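Structural features, examined
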Amino acid sequence: MRDIRPTVFQILGDILGVPADVLSPTASVSSLKYQEMAAAAIACEKAFHIELEDERIPDLKTAGAWVDYVKERIADRDDGRPAPTDQERESWYY
Amino acid sequence: MEPTIHPDHPAEQAHLTMILALIQQRLANAQADSEKQLAGLADTRRDEFTERQEPLLRNLWAAHRFEDLVHLSQEFQSAAEEEKDHESTLRQIAGLKKLARSPYFARIDLRFDEEEPDETVYIGRRSLWDDKKENLLIHDWRAPMASVFYRFGAGPAFYQAPMGKISCDLLLKRQYEIQGGRLIGFFDADTVIQDSFLRRLLAQNASAQMKSIVETIQKDQDVAIRDENHDLLMVQGAAGSGKTSIAMHRAAYLMYEGLKNPLKAHNILILSPNTVFEKYISGVLPELGESSVATSTLEQLLEDALGLPVQSRAERWEALCSPGPEAARRREALTFKSSRVFAVLLDRYAAALPRLLPYEDLCYAGKTLASRQEIRSWAMDHSSASPLGVRLHRLEMHLWERVHALRPARFDQLRMAAFRLGRGEEYARGCAIWESGVLARHMRRITRLNLPRLYSALLHDKALLARLGKGLDIPEGLSFDPVSGGPVPLEDASAMAYLRMKLSFSPTPGDIRQVVVDEAQDYGPLDYALLNQLFPKARFTVVGDVHQSLEREAGLSLYTQISQALNRPTAALLELNKSFRCTREILNFSLQFLPDVSIQSLNRSGAMPQLLPNSQLQEEIAACQAQGYQSIALITKTRRDAERWQQVLSLPMMGRNAALGDVFLVPLSLSKGLEFDAVLLLDCDEKHYGAPEDRRLLYVACTRALHRLALFAEGAFAPLVKAAADLAGSAEKP
């Protein structure tokens with residue numbers, strides 16, 4: 001599996017307003033508001049062609065937890081579930 | 001044993017020379033093989049990387065071909081196999097080097113049939129075949145035939161071979177001392193000489209790590225080591241009787257490849273009292289040529305099971321020794337919380353919980369996702385064989401499936417609402433995340449069992465305790481008040497882990513088939529019931545001494561309780577009443593603290609234990625050093641006491657990383673299971689050892705000494721100590 005951390009850190013860094021390279025796996029992201037969580041989730045979903053489950057997102061308290069969860073969902077997707085098409089993705093939101 | 005000029009000496013010397021030559025030849029071959037393998041391995045790695053793997057790796061992401069991945073994996077596998085072969089050769093070299101130092105330690109001559117020639121069997125730490133692999137030149141000490149050496153004197157003998165019982169006559173039983181490949185001496189052993197050989201070995205100084213005892217295993221020890229008939233083998237052994245050695249040699253025996261179903265290192269778990277002890281025993285199996293097995297403490301197992309920090313046994317001991325009523329209350333609660341009665345109470349609680357949990361409706365998107373009746377019926381589904389925790393987990397999965405099915409429609413609603421507010425997609429998704437987060441928290445309150453809360457609820461609800469405790473003797477004032485974020489008291493952690501196993505059966509992962517429990521008296525019946533749940537398929541070896549229990553009174557009935565709790569199809573209890581550690585004088589003195597206990601000593605003689613004032617402590621330390629003792633332990637009752645003495649004496653404190661060398665302070669709880677050349681027991685006054693139950697502590701502390709024992713006090717000695725000294729004939733010096 002390719003290293004997804006830089007991309008996830010970039011997404012979180014953009015939302016938190018900090019450079020991605022200062023984030024570490026233990027960096028807290030618990031200050032994210034719900035709308036910011038949503039922005040991060042949507043960005044990750046688009047970047048990795050996955051679907052994040054809403055109920056899990058409030059529990060992701062560190063940057064590392066986001067990376068781990070995204071990895072888990074990529075693995076779930078590769079485990080047999082077809083990756084959602086852009087059309088499907090659009091249908092979730094619009 | 002003086003070097004002996006025996007009529008067989010030239011023949012024995014010639015035999016040793018022949019064996020050593022063979023070992024040297026094998027060693028040279030193995031070293032040559034190793035060099036070849038190493039060179040081959042380097043070539044393989046270079047070739048594979050430059051010619052095959054590197055281009056593959058470079059193009060891997062671009063290629064995305066499954067065949068490439070398979071090919072690459074095969075390339076890596078071939079290198080890994082070569083590496084494995086090389087490691088095996090290195091192990092062979094290490095084994096041969098050890099063998100060259102002392103190829104064998106015993107010989108038995110056996111007659112199976114009058115008409116057949118007698119068979120001469122040399123016994124060593126590992127076996128050695130002749131070049132044609134037809135004859136064993138040295139038999140592994142674990143081989144069935146070798147048991148004749150440990151169990152019989154000259155005359156009729158037998159051993160259990162895979163094909164059944166084999167009878168023979170033991171014609172000769174000879175023991176050798178071979179050091180650095182040199183034959184120092186040998187003697188033809190009968191029991192008396194064996195004792196003198198043993199005494200000489202035991203007169204040596206203690207070492208920082210426990211050593212193997214293959215040369216001196218006694219008959220009853222051998223019976224315990226080789227037992228394969230029982231799923232639960234319990235060994236009650238006096239202090240210094242070699243219980244721990246038996247446990248370690250038994251582990252090595254169970255890994256012997258000559259057995260029908262030998263165990264691998266990962267099949268064995270040794271449960272030891274603390275990490276200092278773990279370090280002490282860590283060298284035995286490698287010395288016997290086996291891989292180290294996993295060791296753990298109960299605390300570590302509990303932390304893994306609960307995911308919470310757990311108080312160590314040493315910390316609990318400190319708490320139990322604190323002055324004030326709290327320690328007495330805790331001691332009383334500890335006895336109950338580690339009892340079988342408490343396990344029964346927890347069983348009843350686990351069975352009653354589905355009726356006791358507070359259920360409520362679960363709503364999502366303004367609709368009832370599951371009614372409290374539905375949730376309750378899931379929890380109370382007695383037709384399911386799964387425990388409550390598993391049933392609730394399944395319910396949670398089921399409810400999320402319902403949520404996920406409703407989610408697209410719900411998201412449409414949220415998006416429309418966001419649109420009306422002039423907000424976009426992110427706002428709607430944020431609302432969905434918030435809503436799902438609230439639902440998840442709510443659902444978890446229902447479907448996840450909060451063990452500390454459930455456990456606390458049981459202990460603090462008097463009405464519930466009275467209802468569930470019908471027919472049970474439940475003491476007043478039970479509580480569970482851990483410091484927030486601090487470690488869970490050990491006895492509560494055991495009980496919580498037991499409850500957890502009852503509520504969501506989840507045995508320890510891995511393939512543990514033999515659990516060895518050392519210092520068995522330190523675990524209560526509830527701990528054993530927990531071990532039974534954690535290792536349902538394992539056989540158990542349990543070694544201990546009920547007279548060495550620090551925290552609570554234990555008797556031989558403990559073994560009945562262990563047998564009930566572990567509930568194995570076959571169980572046996574062996575008793576070892578001979579002590580090999582202390583001198584006769586030290587053992588006699590120590591036994592004055594336990595008047596009802598009888599232990600045989602090996603009759604090794606030494607100085608009388610002494611009662612000395614604190615003013616002579618430095619002098620006694622110097623005297624011990626002058627004797628050349630390598631480990632001089634100043635034992636205190638608690639760590640607090642040890643720290644106080646550390647301020648005065650500036651001596652190191654024994655811990656996981658401190659070697660057992662020279663002079664050091666050690667709290668009693670950490671000294672259990674260990675042995676030292678000299679023991680200087682501090683604070684032997686009434687304040688520290690004034691209670692009747694302190695007899696056991698004094699017994700444990702005194703029996704740590706191999707050669708020399710002195711007890712110190714400032715002012716008057718505790719009456720218990722005075723009385724023991726009077727009875728043993730030890731003088732108190734002014």
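Residues numbered from 1 in each chain as written. Chains lettered and ligands numbered in written order. Predicted model: local features only at pLDDT ≥ 70, side-chain atom pairs only at ≥ 80, totals over all residues. Heavy atoms only, no water.

Below, the discussion takes up the overall build of chain B. In terms of regular secondary structure, chain B is built from 27 helices and 22 strands. Its C-alpha atoms put chain B at 110 × 80 × 55 Å along the principal axes. For chain B, buried positions account for 53% of its 734 residues. Taken as a whole, chain B presents about 33400 Å² of accessible surface, with 52% of it coming from carbon and sulfur. (Helix = DSSP H or I, 4+ residues; strand = E, 2+ residues; numbered from the N terminus. Buried < 20%, exposed > 50% of the residue type's maximum accessible area, 1.4 Å probe, protein only. Areas by Shrake-Rupley, 256 points an atom, 1.4 Å probe, with all protein chains shown as cover.)

Turning our attention to the interface of chain B and chain A. Taken together, the contact between chain B and chain A spans 19 residues of the former and 21 residues of the latter. Buried surface at the junction of chain B and chain A, both sides included, amounts to about 1800 Å², of which 54% is carbon and sulfur. Area buried by chain B at its contact with chain A is led by Glu425, Arg429 and Ile433 of chain B, which between them contribute 37% of it. Scanning the region where chain B abuts chain A turns up five salt bridges. Across the salt bridge formed by glutamate 55 of chain A and arginine 407 of chain B, the nearest N and O atoms sit 2.9 Å from each other. Broken down by element, the residue count for the side of chain B that touches chain A peaks at 12 residues, all from helix α15 (residues 425-447) of chain B. Residues belonging to the side of chain B that touches chain A are distributed by class as follows: eight nonpolar, four polar and seven charged. (Contact = heavy atoms within 4.5 Å. Buried area = accessible area lost by both parts, 1.4 Å probe. Salt bridge = Lys/Arg side-chain N within 4 Å of Asp/Glu carboxyl O. Nonpolar A, V, L, I, M, F, W, Y, C, P; charged D, E, K, R; others polar.)

With that out of the way, let us pick up the sheet that holds strand β14 (residues 539-544) of chain B. All names here are of chain B. Judged by pairing direction, the sheet is parallel, and its six strands sit side by side in the order β10-β9-β13-β14-β8-β15 without closing on themselves. Only two strands of the sheet have a single partner each, and these edge strands are β10 (294-296) and β15 (571-576). If you compare each strand with its neighbour and ignore which way they point, the axes differ by 15° on average. Packed onto the sheet, helix α20 (residues 557-566) meets β8 (232-237), β14 and β15 and runs at close to 160° relative to β8. (Pairing = 2+ DSSP bridges. Axes fitted to C-alpha atoms, helices over the stretch in contact; angles between N-to-C directions.)

A few words on the sheet that holds strand β19 (residues 631-636) of chain B. Residue and element names in this part refer to chain B. Ordered in space as β18-β22-β21-β19-β20, the five strands form an open sheet in which the pairing is parallel. A single partner strand is all that each edge strand has here, and the edge strands are β18 (610-613) and β20 (662-667). Ignoring strand direction, the axes of neighbouring strands in this sheet form an average angle of 25°. By the bridge criterion, five bridges tie strand β21 (residues 676-681) to strand β22 (residues 705-713) in an arrangement that is parallel.

Looking now at the nonpolar core. A general feature of soluble globular proteins is that nonpolar side chains tend to end up buried together. Residues and elements named next belong to chain B. The biggest cluster of nonpolar side chains holds 98 residues, and the ones touching the most others in it are Trp141, Phe589 and Leu711. With seven residues, helix α6 (residues 243-254) is the single largest residue contributor to this core. The residues touching leucine 711, leaving out its near neighbours within four places in the chain, are Phe589, Gln610, Leu611, Leu612, Leu681, Cys684, Cys702, Phe717 and Val721. Core analysis: the second largest hydrophobic core is formed by 81 residues, Leu298, Ala497, Val517 and Leu558 among them. (Core = buried A, V, L, I, M, F, W, Y, C linked by side-chain atoms within 4.5 Å.)

What follows concerns a negative patch on the surface. There is a patch of like negative charges on the surface, built from Asp113, Glu114, Glu115, Glu116 and Asp169 of chain B. Tracing the backbone through its elements, the reader meets glutamate 115 of chain B in the loop between β1 (106-111) and β2 (119-124). (Patch = residues over 30% accessible without salt bridge, like charges linked within 9 Å, V, L, I, M, F, W, Y side chains within 5 Å. Lys, Arg positive; Asp, Glu negative; His and termini not counted. Charge placed at Lys NZ, Arg CZ, Asp CG, Glu CD.)

This part covers helix α5 (residues 219-226) of chain B. Note on helix geometry: an α-helix contains 3.6 residues per turn, so any two residues three or four positions apart are oriented the same way. For α5 of chain B, the full list of buried residues reads Gln221, Asp222, Ala224, Ile225 and Arg226 of chain B. In the core, the buried residues of α5 of chain B are packed alongside α3 (147-151), β8, α6 and β15 of chain B.

By the secondary structure assignment, serine 631 of chain B is in strand β19. There is a polar contact of 3.0 Å between the side chain of serine 631 of chain B and the backbone nitrogen of aspartate 677 of chain B. (Polar contact = N/O pair within 3.5 Å; in protein donor to acceptor, adjacent residues only side chain to side chain.)

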